[in-house]
Amino acid sequence: MDYQDIIKEWKQKKFRSLYWLEGEEDFFIDQVSNYAEEHILDESEKGFNLTVLYGKDTDWSTVVNACRRYPMFAERQVVIIKEAQAMKDILKLESYIDKPLESTILVVAHKQGKIDGRSKIAKLIKDRGVLLSTKKMYDNQLPAWVEAYVHGLGRAISQKAGILLVDHIGNDLARMANEIDKLLVNLPEGKKIDENDIEKYVGISKEYNVFELQNAIGQKDITKVMRIIHYFSSNPKAGPIQMVLPALYNFFSKMNMVFGVKGGEKEIAAALGVHPFFVKDYIKAAQQYGAEGSEKAILLLHAYNLRSIGINDSGVEDGELMKELVYKMMY
């Protein structure tokens, strides 16, 4: 089950006695635990039948006592353990999980890792309840996730707008969702999100961003490259060198992989771990630079990354450092 499946079943009033949420991606865990807290019970039922505990402030006996109470004036009660990874004696919940109370819905939000899958409690969780195991999303999965998230809210987003968001925010899903939610508040009902909306409400320039810079460098468009670097120099928060250099290093590292892949765009996308939308950019850049040029760019990026933090550098400003770097890379 993924987090949307769990919430979908809850909306249909289908409940299990245990939901164990664990793994690396806090966003999915928060989505489920927050829904459980806000929506499973009616407002009139929450006062007597909703218990929210925090791992660092509770113990197994407190949890079990809460779970073994019967609901008052309602069919069920909800017990939520947030930050359960901080609960020192969490494994002692084993006895309750083995024989849970049917009228209690226990939601355990265990972030930043998983319990040992070989342990008895892990096997009981799978047998007696629902396990949600989360992972951080890969970069190539993010555009599709953005599209699906927006679609789930009954709206649509253009491919370019989604890529601008991903390029600016990365795989911080909570921040991504927050930016999308703020966007939709400002847009008319039914309006499709486009790059102009991203520029206006999120503050990301549709022309002057790292994504556009790497594409311009990939195509050796020196005029556009210098224009973007000048913009970054005048607006340091838009493209700090500490953000730009790792992005370019990632771009050229993946571009360098193109030379070792046999097959077409589909095979290249799979090998590089990127969304198919981006593949043509890597292929065109590989044709522009060749294997030798891409390796040269990677070495230069390493050297200039050191210079950007003051190693082997006499204090050149970031904008001038970037101009010097891209000129050497492209010629």
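Residues numbered from 1 in each chain as written. Predicted model: local features only at pLDDT ≥ 70, side-chain atom pairs only at ≥ 80, totals over all residues. Heavy atoms only, no water.

Brief notes about the pairing of strand β1 (residues 18–23)
Of all the 6 residues making up β1, 6 are buried; the element is thus mostly covered by neighbouring parts of the structure. Taking every second residue as pointing to the same face, both faces of β1 are buried, with Leu18, Trp20 and Glu22 on one and Tyr19, Leu21 and Gly23 on the other. Pairing between β1 and strand β5 (residues 130–134): 4 bridges, direction parallel. In the strand pairing of β5, leucine 21 is matched with leucine 132. (Buried < 20%, exposed > 50% of the residue type's maximum accessible area, 1.4 Å probe, protein only. Helix = DSSP H or I, 4+ residues; strand = E, 2+ residues; numbered from the N terminus. Pairing = 2+ DSSP bridges.)

Examining the packing of helix α8 (residues 159–169) against helix α10 (residues 195–202)
The relative placement of two packed helices is expressed as an angle between their axes plus a distance between the axes. Taken N-terminus to C-terminus, the directions of α8 and α10 make an angle of 35°; their axes are 7 Å apart at the nearest point. Facing α8, whose interface residues are Lys160, Ala161, Leu164 and Leu165, α10 presents Glu195, Ile198 and Val202. In terms of residue class, the contact of α8 with α10 is made up of 5 nonpolar, no polar and 2 charged. (Axes fitted to C-alpha atoms, helices over the stretch in contact; angles between N-to-C directions. Contact = heavy atoms within 4.5 Å. Nonpolar A, V, L, I, M, F, W, Y, C, P; charged D, E, K, R; others polar.)

Things to note about helix α14 (residues 265–272)
Those residues of α14 not exposed but buried are Ile268, Ala269 and Leu272. Angularly, the buried residues of α14 cover 100° about the axis, an arc narrow enough to put them on a single face. Exposed residues pointing more than 90 degrees away from the buried face of α14 are listed as Lys266 and Ala270. Looking at the buried positions of α14, the neighbouring elements they touch are α13 (241–257) and α15 (276–308). (Arc of directions from axis to C-beta.)

Observations concerning the layout of surface pockets
Volume-wise, the largest pocket comes out at about 480 Å³. Lining the largest pocket are 23 residues, and of these Asp139, Val166, Asp167, Gln214 and Asn250 lie nearest its centre. When contributions to the lining of the largest pocket are tallied by element, the ones reaching two or more residues are α8, α11 (210–218), α13 and α15. At 6 residues, the largest contribution of residues to the lining of the largest pocket is made by α13. Looking at side-chain class alone, the lining of the largest pocket contains 13 nonpolar, 7 polar and 3 charged residues. Looking at the second largest pocket, its volume works out to about 380 Å³. Among the elements of the structure, α1 (3–11), α2 (26–39) and α7 (142–152) are those that each provide at least two residues to the lining of the second largest pocket. Classifying every residue of the lining of the second largest pocket by side-chain character gives 6 nonpolar, 5 polar and 4 charged. (1 Å grid on protein atoms, 1.4 Å probe; cavity = no way out; pocket = protein on both sides within 12 Å on 5 of 7 lines; lining within 4 Å. Points joined across faces, edges and corners; volume = space filled by probe spheres on them.)

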